Amino acid sequence: MIREINSGDYRQLMELYLHLHETEVPPFANAKDIWEKILSDDNYHIIVAEEDGKLVSSCTCVIIPNLTRGPRPYAWVENVVTHEDYRGKGLATSCLNYAKELAIKENCYRIVLMTGSKLDSTLKFYENAGYNRDDKTGFIQWL
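Computed from a predicted structure; not experimentally measured.

Some remarks on the overall build of the protein chain
Here's step 1: Broken down by element type, the protein chain carries four helices and five strands.
Here's step 2: Tracing the protein chain from N to C terminus, the helices and strands come up as β-α-α-β-β-β-α-β-α.
Here's step 3: Expected size for 143 residues packed as a compact globule is a radius of gyration near 15 Å; at 15 Å, the protein chain falls within 12% of this value.
Here's step 4: Over its C-alpha atoms, taken along the principal directions, the protein chain stretches across nearly 40 × 35 × 35 Å.
Here's step 5: Partitioning the intrachain contacts of the protein chain with sequence separation of at least 6 by distance along the chain shows that 60% fall at a separation of at least 24.
Here's step 6: Split by element, the accessible area of the protein chain, about 9,400 Å² in all, is 49% carbon and sulfur.
Here's step 7: Looking at charge distribution, the protein chain has the averaged site of its 16 positive side-chain charges lying 6 Å from that of its 21 negative ones.

Here it is in structure tokens:
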């Protein structure tokens, strides 16, 4: 089942993020304010794939208001992750498709997705999901 996150999903989501780049699950008390802010933001969507009551894949899609292109908003996709035991089943693709549906519904003119991976399999995965790496050049400044 593909759905958006709900308030009771914090622990499972943070455990799923261990398959992304996190090294530990932060105590809920340390993240409670951020979690509540995310849940109450109509532009912030955490999309999850659930199998047998367990969150096994996810992505974040943020709709960003914009004064150009019509003005039309754009969507930013981040934190694409699938539990290693569930990879290759199309779950992350389904999450990305859900994000695309949200972006279309919100009249976004584009979806931006960046990855730190240099693995050819990861880059091909994103290309197969409809993204391209030719139109823009991404830069990051770490703070």
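From this point, the narrative continues.
Quick look at the environment of Gly-88
Here's step 1: By the element assignment, Gly-88 lies in the loop between strand E4 (74-82) and helix H3 (91-105).
Here's step 2: Under the relative-accessibility criterion, Gly-88 is labelled exposed at 83%.
Here's step 3: Separated by 55 residues in the primary sequence, Gly-88 and Leu-143 have C-alpha atoms spaced 34 Å apart.

As for H3
Each turn of an α-helix holds 3.6 residues, which means side chains three or four residues apart point in the same direction.
Here's step 1: Look at H3: 21 Å from first C-alpha to last across 15 residues, which is about the 21 Å you get at 1.5 Å a residue.
Here's step 2: As for H3, its buried residues are in contact with strand E1 (2-4), strand E2 (44-51), strand E3 (54-64), E4, strand E5 (111-113) and helix H4 (120-128).

A word on H4
Here's step 1: Of all the positions in H4, only Thr-122, Leu-123 and Tyr-126 are classed as buried. Viewed end-on, H4 has its buried residues packed into an arc of 95°, placing them on one side of the element. Summarising the geometry of H4, the exposed residues directed more than 90 degrees from the buried face are Ser-121 and Asn-128.
Here's step 2: Of the surrounding elements, those touching the buried residues of H4 are E4, H3 and E5.

Reading the values: the criteria
Residues numbered from 1 in each chain as written. Predicted model: local features only at pLDDT ≥ 70, side-chain atom pairs only at ≥ 80, totals over all residues. Heavy atoms only, no water. Helix = DSSP H or I, 4+ residues; strand = E, 2+ residues; numbered from the N terminus. Rg over C-alpha atoms; globule rule 2.2 N^0.38 Å. Contact = heavy atoms within 4.5 Å. Areas by Shrake-Rupley, 256 points an atom, 1.4 Å probe, with all protein chains shown as cover. Lys, Arg positive; Asp, Glu negative; His and termini not counted. Charge placed at Lys NZ, Arg CZ, Asp CG, Glu CD. Buried < 20%, exposed > 50% of the residue type's maximum accessible area, 1.4 Å probe, protein only. Expected span 1.5 Å × (residues − 1). Arc of directions from axis to C-beta.

In short, shape yes, function no, at least from these values alone.
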